[in-house]
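# Structural overview
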Amino acid sequence: MSDNNILLRVEHLVKYFPITRGIIVQRQVGAVHAVDDISFFIKSGETFGLVGESGCGKSTTGRTILQLYRPTSGHVYFEDTDLTTLKPEKMRLMRRRMQMIFQDPYASLNPRMTVGEIVGEPLIIHQVAKGAAVEERVEQLLSLVGLNPAFSNRYPHEFSGGQRQRIGVARALALQPSLIICDEPISALDVSIQAQVVNLLEDLQSQFGLTYLFIAHDLSMVRHISNRVAVMYLGIIVELATRDELFAHPLHPYTQALMSAVPVADPAVEEKRHRIILEGDVPSPVNPPSGCRFRTRCPLAREICAEKVPEWREISPMHWVACHMV
Amino acid sequence: MADLLDVKGLETRFKTRDGMVHAVNGVSFNIKEGETLGVVGESACGKTVTMLSLLRLIPAPPGKIAAGTALFQGSDLLTMTEEEIRHVRGARISMVFQDPMTSFNPVLTIGRQLTEPLELHLGMSQAQARERAVELMRMVNIPQGEDRLNDYPHQFSGGMRQRVMIAMALSCTPQVLIADEPTTALDVTIQAQIIELVKRLRDEIGMAVIWITHDLGIIAGLAKRVLVMYAGYIIEEAPVKELYGNPLHPYTIGLMGSLPRLDDQEHRRLISIDGLPPTLYEKPNYCPFAPRCTYAYERCWKENPLLLPVGVDHRAACWVDVKTGSPRE
């Protein structure tokens, strides 16, 4: 942990959700393997993209990092502090440094609170400001995210989806955090509004030197915003590299299939593209396949893939992949 | 080739407590046999309501088809009797909906839901319909199709459900398939499967497809001609290559600039369209895009532009020639 440029380090993080049966005496009959042994680090000031399809564990990863879910095992180091062993009151102090922007701008704002109360609440909870200072800071934050400060006594329902997401961004910025976990922040928005929010996030990053963990399923958007990208499939990271390296030389068959499945808005390009169509659906995380998790849909799968879990290897500098066939 | 479907001046309104909502404002388009037409637009631009109006699936009241004609093989869908439209719906024009989770009846087996249109429209016996249903399940690549007919919708995954939905829509070999954002609720790898499936079936059956989406990428590889809708109007129409290579309406240009592309060479700032789409409570007598448009000038605020030819097979509704930035004649 000597590299002081590293803001967040995740080591062998595991999160299982128990499946129980019985009403009075609950027995555990299985577990959803939501996140199963993943490791990565995020450098200060970068945008780290975490991409994958629904149910692959990317949101659980984000929430487990913030200790909103307690990890089953593994460690999360923020700077040099291990968050997984921190006492609740210490953790609360750490939360000032890391905030979250949620996917659904309709569900993540309390409909009974005014915008001013929503954005000001973190300041009051963490006793950073009081009284008139809160109001002043709220106005500052609202204009920072491109909302009229005079709107602070309006309620969330008076705003459109894009504006609500701006309120969510203002709330996340209130405590001047270092790390913001953006959990699908634009997927609920219309195309022309998505660009507005992405541009805002980029502007704020260059202004305050923020570090983002950007969770999304939209590969083109992740490519646009990230410096480094990790691809998740069924609870594990299958490939991780810098943006340019990953998109120029995808090595894992899942990454390749995922990229070929994304349509490009250009008929001339579309005509020439070769699509890898994956068979079937993602298996259940309750009972993931043995060996390599992708083998049930993988066009390259061999015997070894069922027998042995592929090793997480650094193929070239800063390019990791977990596949027997690479 | 003659037009299979010819829609002219379609207007649909909804009467709500807050006033009249003008959802579709004089939409005209046509589609030929076997052609694939893409309809692009953001939420609430009227793309779904247009299609529902054609099939007369608009709940009335509050909805009302206020004007227009829609000739399908010579007969007007909008004025035919309820009995007649029922023979068109599901049999000759069928529709696949966005949400594969809610468009099935949860208490009937998939088999029952697949055989119902066959018995109703084609007069098949139960045994015949069952046989055809097995065939349909095979056609959309559902493994163990025969056994799965006895399953209920919740026992299928999202992608599988959408396949069954497509099987159901194709059961009576329609001439037109209307696909209303059929892949929006699905993951990209599953989306690729579904698009591939529809392309294959389209070519096998030779049906026309109207594909509604907000994703310009899907349309690029699928459609031959594209309509762009905004605030209940068609604002641009062109063959697919022409539209992507030479967009002439500021909204279309903005929409394309706001999307990052997987094959972008360098990091560029996304072009965002400022402001919000209009509410549809009034039918403006100016260009509905003017409040968000960087090209807007005096005339745009006085007159709503008509959809006029701007090139070969290319129509746009704009008072500005975006190439030069100067007013159009």
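Parameters at a glance
- Residues numbered from 1 in each chain as written.
- Chains lettered and ligands numbered in written order.
- Predicted model: local features only at pLDDT ≥ 70, side-chain atom pairs only at ≥ 80, totals over all residues.
- Axes fitted to C-alpha atoms, helices over the stretch in contact; angles between N-to-C directions.
- Helix = DSSP H or I, 4+ residues; strand = E, 2+ residues; numbered from the N terminus.
- Parallel < 35°, antiparallel > 145°, perpendicular 65-115°, else oblique.
- Left-handed = near helix turned anticlockwise from the far one by under 90°.
- Contact = placed C-beta atoms within 7 Å.
- Buried ≥ 20, exposed ≤ 12 C-beta atoms within 10 Å, placed from the backbone.
- Pairing = 2+ DSSP bridges.
- Nonpolar A, V, L, I, M, F, W, Y, C, P; charged D, E, K, R; others polar.

Next up on the list: the packing of helix α5 (residues 161-173) of chain A against helix α6 (residues 191-208) of chain A. All names here are of chain A. Contact geometry for α5 and α6: axes closest at 9 Å, N-to-C directions at 20 degrees. As judged from the angle between their axes, α5 and α6 are roughly parallel. Note on packing geometry: the crossing formed by α5 with α6 is right-handed. Contact with α5, carried on its side by Gly161, Gly162, Gln165, Arg166, Val169 and Leu173, involves Ile193, Gln196, Val197, Leu200 and Leu204 of α6 and no other residues of that element.

This part is about the pairing of strand β6 (residues 93-96) of chain B. All names here are of chain B. Judged by which residues are buried, β6 turns out to be covered on both faces: Ile93 and Met95 on one side and Ser94 and Val96 on the other are all buried. Taken together, the four bridges between β6 and strand β7 (residues 176-180) define a ladder with parallel strand orientation. Following the sheet pairing, Ser94 is matched in β7 by Leu177.

Counting residues at the interface gives 34 residues for chain A, matched by 36 residues for chain B. For the side of chain A that touches chain B, the secondary-structure elements that each account for two or more residues are α6, α7 (219-225), α9 (253-261) and α10 (267-272) of chain A. In terms of residue count, α6 of chain A provides more of the side of chain A that touches chain B than any other element does, seven residues in total. Here the residues of the side of chain A that touches chain B are counted per class, giving 18 nonpolar, nine polar and seven charged.

Before going further, it helps to examine the sheet that holds strand β2 (residues 27-43) of chain A. Residues and elements named next belong to chain A. Spatial strand order, β2-β1-β4-β5: four strands in an open sheet with antiparallel pairing. Pairing within the sheet leaves two strands with one partner each, and these edge strands are β2 and β5 (81-82). Direction of pairing for strand β1 (residues 6-21) relative to strand β4 (residues 73-78): antiparallel, over a ladder of five bridges. Looking across to β4, one finds that Glu11 is bridged to His75.

Okay, the sheet that holds strand β4 (residues 63-72) of chain B next. All names here are of chain B. Spatial ordering of the open sheet is given by β2-β1-β4-β5, a layout of four strands whose pairing is antiparallel. At either end of the open sheet lies a strand with only one pairing partner, and these are β2 (19-32) and β5 (75-76). In the sheet, strand β1 (residues 3-16) pairs with β2 via 11 bridges, with the strands oriented antiparallel. What sits directly across from Arg13, in β2, is His22.

What follows deals with the environment of Arg92 of chain B. All names here are of chain B. In this fold, Arg92 is placed in the loop between α2 (82-88) and β6. Taking the number of C-beta atoms within 10 Å as the measure of exposure, Arg92 has 17 and is therefore partly exposed. Placed 80 residues apart in sequence, Arg92 and Cys172 show a C-alpha to C-alpha distance of 7.3 Å. If we skip the residues at most four places from it in the chain, Arg92 touches Pro174 and Gln175.

Residue and element names in this part refer to chain B. If you trace the backbone, Pro277 turns up in the loop between α10 (250-257) and β11 (308-311). For Pro277, a count of 22 C-beta atoms within 10 Å corresponds to the buried category. Remark: the alpha-carbon pair of Pro277 and Gln265, spanning 12 residues in sequence, is separated by 30 Å. In this structure, Pro277 is in contact with Glu42, Ala44 and Ala231, ignoring residues within four places of it in sequence.

Let us look at the environment of His217 of chain A. Structurally, His217 of chain A can be placed in the loop between β8 (211-216) and α7. Counting along the chain gives 173 residues from His217 of chain A to Ser44 of chain A, while the straight-line C-alpha distance between them is 23 Å. In contact with His217 of chain A, not counting residues within four places along its chain, are Val51, Gly52, Glu53, Ser54 and Ser187 of chain A together with Asp187 of chain B.

Residue and element names in this part refer to chain B. Counting buried residues along helix α1 (residues 47-54), seven of its eight residues qualify, which places the element largely inside the surrounding structure. Among all positions of α1, only Lys47, Thr48, Val49, Thr50, Leu52, Ser53 and Leu54 are buried. At the exit of α1 stands Arg56, carrying a positive phi of roughly 55 degrees.

Looking now at helix α1 (residues 58-65) of chain A. Residue and element names in this part refer to chain A. Among the eight residues that make up α1, seven are buried, leaving the element largely enclosed by the rest of the structure. All buried positions along α1 are accounted for by Lys58, Ser59, Thr60, Thr61, Gly62, Thr64 and Ile65. Just past α1, the residue Gln67 takes up positive phi, approximately 65 degrees.

Residues Ala60 of chain B and Pro61 of chain B are joined by a peptide bond in cis, for which omega reads -20 degrees. As for its position among the elements, Pro61 of chain B is in the loop between α1 and β4. With omega at 10 degrees, the peptide bond leading from Pro61 of chain B into Pro62 of chain B counts as cis. Secondary-structure assignment places Pro62 of chain B in the loop between α1 and β4. Despite not being glycine, Gln176 of chain A shows a phi value in the positive range, around 50 degrees. Tracing the chain through its elements places Gln176 of chain A in the loop between α5 and β7 (179-183). For Gln176 of chain A, a count of 11 C-beta atoms within 10 Å corresponds to the exposed category. Even without being a glycine, Arg56 of chain B presents a positive backbone phi close to 55 degrees. By secondary structure assignment, the location of Arg56 of chain B is in the loop between α1 and β4.

Right, let's talk about the packing of α9 of chain A against helix α7 (residues 188-205) of chain B for a bit. Where α9 of chain A contacts α7 of chain B, the axes come no closer than 8 Å and their chain directions differ by 55 degrees. Here α7 of chain B runs oblique to α9 of chain A, going by the angle between their axes. The two elements α9 of chain A and α7 of chain B cross, and the hand of that crossing is left-handed. Contacts between α9 of chain A and α7 of chain B involve Ala257, Leu258 and Ala261 of chain A on the former and, on the latter, Val188, Thr189, Gln191 and Ala192 of chain B. Classifying every residue of the contact of α9 of chain A with α7 of chain B by side-chain character gives five nonpolar, two polar and no charged.

Any link to function would need more than the numbers given here.
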